[in-house]
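# Chains, contacts and geometry: an overview
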Amino acid sequence: MSSHDIKDAHRQKISPMENVDKLLAELEIFQQKIRSNQDQPRDDGNSDSNVNGIDESSSNIAMHLELLKKFLVDANNSLLQSKVLDEADPQTVKRESLPDPLTSPKVLFDVSSSVVKNQLITKLLTCLLHLPFEARKDVASVFRQLLQIEYSTEAAPEERAELFCFDGIRGEPALVLEPLFHNLKLPNDTPGIENTKNCCFQMVREACKSEGVALAVLDQASYMDGILEIAKDAQFDLASEALQTLRELLLTHPGPVAERLLVKKDFFDVQFSQLIKQKENFVAQRTSLKILSDVMGDRSYGKVMLDYIGKVENLKTVMNLLRNESRAIRSEAFQVFKVFVGNPHMKGDIASILRSNQAKLANFLVRVSNTEEAPEEDVAQVQRDLTALWESAPAAAATAASSAPDSAP
């Protein structure tokens, strides 16, 4: 019988709890072999056997991960089906449509409890880079399925609270976040790193759907620095993953995050502005502008954005982007620029720059209107706001023209 046939037979006989136990045991062996291989001299005659041992162990882990993923998907679907059946007319429910006992809430609770109490996710993340390509994706899928579990009221609240699937992750988010961000900091020339980082970003986003975890990421400077640094990466896929993570971090829980950023005033003025100024990285520049525009449109960020649009350096940065070579960049920059112009609490130095560049801004609006780089109603509104500003203090505009910086497009 081939090894493939043996594994097929093994899949059919193993129970969900047995599978978790075997996965944990295999992970212990795998980690020992990795350490042994790293300590082994390269010219040692046993190096080939060590590599073969790692390959066999990683293959076993991949098999158990696939089984765990399938169980969690089936169990979550079974829970959903149970809810539907509970709401249905008992007379219309057929016996064969009842959920499989092997994926019952009790089994699911036992399995997920074992996963969390034995820190299975943390152990998988510490060796994620050494796992096969598909196994890494299965780790991310298992993590997502665990976070999506909705237990029935049969489980006691104190039991549910132990699981990171619920609020437990808020108590010790570092158990998951530390290995995730460790992987994200690994050098880009490490074999298999791009897929590893992509999977880690997927898991960070899933974890950050919890408000507590999102705030924990925001509070840890090294986590945020890691996301922002990868967002500047020349590799399109990695930069896109980082930017998507940043977007969801800022907009999934806008109220609490905005409150936290009122204290971290340098985030948008310094760290985020560096993304916007990434001339050599089109993806980072355009996407960060889009994120900034969306943040400005969220009422929760009112105080944070009032502070942002009240600073001259930020206005100058945006006005410089209005003359970017890329039409897409100019279009996104305009959506941010209109917020500066429409600010009812505009500061004097901001108004001075807009007045001193009246002629250039007027020509710019004509060009934008002709090329349809922005919605017609937005251009008309900016035109009205600027006209009101220019007409409100012509004398002040003439005085400022001689000293104000030339930042107009």
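Before going further, it helps to spend a moment on the overall build of the protein. What the protein contains, in helices and strands, is 23 helices and 0 strands. Scored against the burial criterion, the 409 residues of the protein give a buried share of 47%. When contacts within the protein are restricted to residue pairs at least 6 apart in sequence, long-range pairs at least 24 apart make up 73% of them.

Below, the discussion takes up the packing of aromatic side chains. This model, assessed by the stated rule, comprises 8 aromatic pairs. With a centroid separation of 5.0 Å and 80° between ring planes, the pair formed by Phe267 and Phe268 is classed as edge-to-face. Across the pair, exposure class does not vary: Phe267 and Phe268 are buried alike. On the basis of an interplanar angle of 45° and a centroid distance of 6.3 Å, the ring pair of Phe334 and Phe364 is categorised as tilted.

Right, let's get into helix α16 (residues 282-296). The end-to-end C-alpha separation of α16 is 21 Å, in line with the 21 Å expected for 15 residues at 1.5 Å each. When α16 is considered as a whole, its buried residues turn out to be Val283, Ala284, Gln285, Ser288, Leu289, Ile291, Leu292, Ser293, Val295 and Met296. On the buried face of α16, the contacting elements are α12 (221-231), α13 (236-251), α15 (266-276), α17 (302-308), α18 (312-321) and α19 (327-341). Regarding α16, its N-cap is Asn281, as a side-chain oxygen of that residue lies 3.3 Å from the backbone nitrogen of Val283 further along.

What follows concerns the pattern of salt bridges. One pass over the full model with this rule turns up 15 salt bridges. For Glu241, the salt bridge identified is with Arg205, shortest N-O distance 2.8 Å. Here Glu241 is found in helix α13, whereas its partner Arg205 is found in helix α10 (residues 193-207), with 36 residues between them in sequence. On the accessibility criterion, Arg205 (10% relative accessible area) is buried. Of the charged contacts, one joins Glu313 and Lys316 as a salt bridge, the two residues approaching to 3.2 Å between their closest N and O atoms. Of this pair, Glu313 and Lys316 both sit in helix α18, 3 residues apart, roughly one helical turn. Using a relative accessible area of 22% as the deciding quantity, one classes Lys316 as partly exposed. Here the residues in one salt-bridge network are Arg247, Lys290 and Asp294, joined through shared partners.

This part is about the side chain of Glu206. Positionally, Glu206 belongs in helix α10. Beyond its immediate sequence surroundings of up to four residues, Glu206 is in contact with Phe143, Arg144 and Leu147.

Bringing the confidence of the model for the protein into the picture now. Looking at the protein, pLDDT values average 83 and 78% of them are 70 or higher. Across residues 42-50 the pLDDT falls below 50, and counting only partners more than four positions away or on other chains, this stretch makes 5 contacts in the model. Counting interchain partners and residues more than four positions distant, the pLDDT-below-50 stretch residues 152-168 has 29 contacts.

Let us look at unusual backbone geometry. Residues other than glycine predominantly adopt negative phi, and peptide bonds predominantly adopt the trans conformation. Phi is positive for Gln119, which is not a glycine, with a value near 55°. Within the secondary structure, Gln119 is located in the loop between α4 (105-117) and α5 (120-126). Of note, Glu372 is a non-glycine position whose phi angle comes to about 55°, a positive value. Inspection of the secondary structure assignment puts Glu372 in the loop between α21 (358-371) and α22 (376-392). Assessed through its relative accessible area of 62%, Glu372 is described here as exposed.

Judged by nonpolar contacts, the single largest core of 108 residues is most densely connected at Leu250, Phe268, Phe272, Tyr301, Phe337 and Leu354. For Phe272, the residues in contact, after removing those within four places along its chain, are Leu246, Leu250, Phe267, Ser288, Ile291 and Leu292.

What counts, and where the lines are drawn
- Residues numbered from 1 in each chain as written.
- Predicted model: local features only at pLDDT ≥ 70, side-chain atom pairs only at ≥ 80, totals over all residues.
- Heavy atoms only, no water.
- Helix = DSSP H or I, 4+ residues; strand = E, 2+ residues; numbered from the N terminus.
- Buried < 20%, exposed > 50% of the residue type's maximum accessible area, 1.4 Å probe, protein only.
- Contact = heavy atoms within 4.5 Å.
- Phe/Tyr/Trp six-rings, centres within 6.5 Å; stacked < 30°, edge-to-face > 60°.
- Expected span 1.5 Å × (residues − 1).
- Polar contact = N/O pair within 3.5 Å; in protein donor to acceptor, adjacent residues only side chain to side chain.
- Salt bridge = Lys/Arg side-chain N within 4 Å of Asp/Glu carboxyl O.
- pLDDT = per-residue confidence, 0-100.
- Core = buried A, V, L, I, M, F, W, Y, C linked by side-chain atoms within 4.5 Å.

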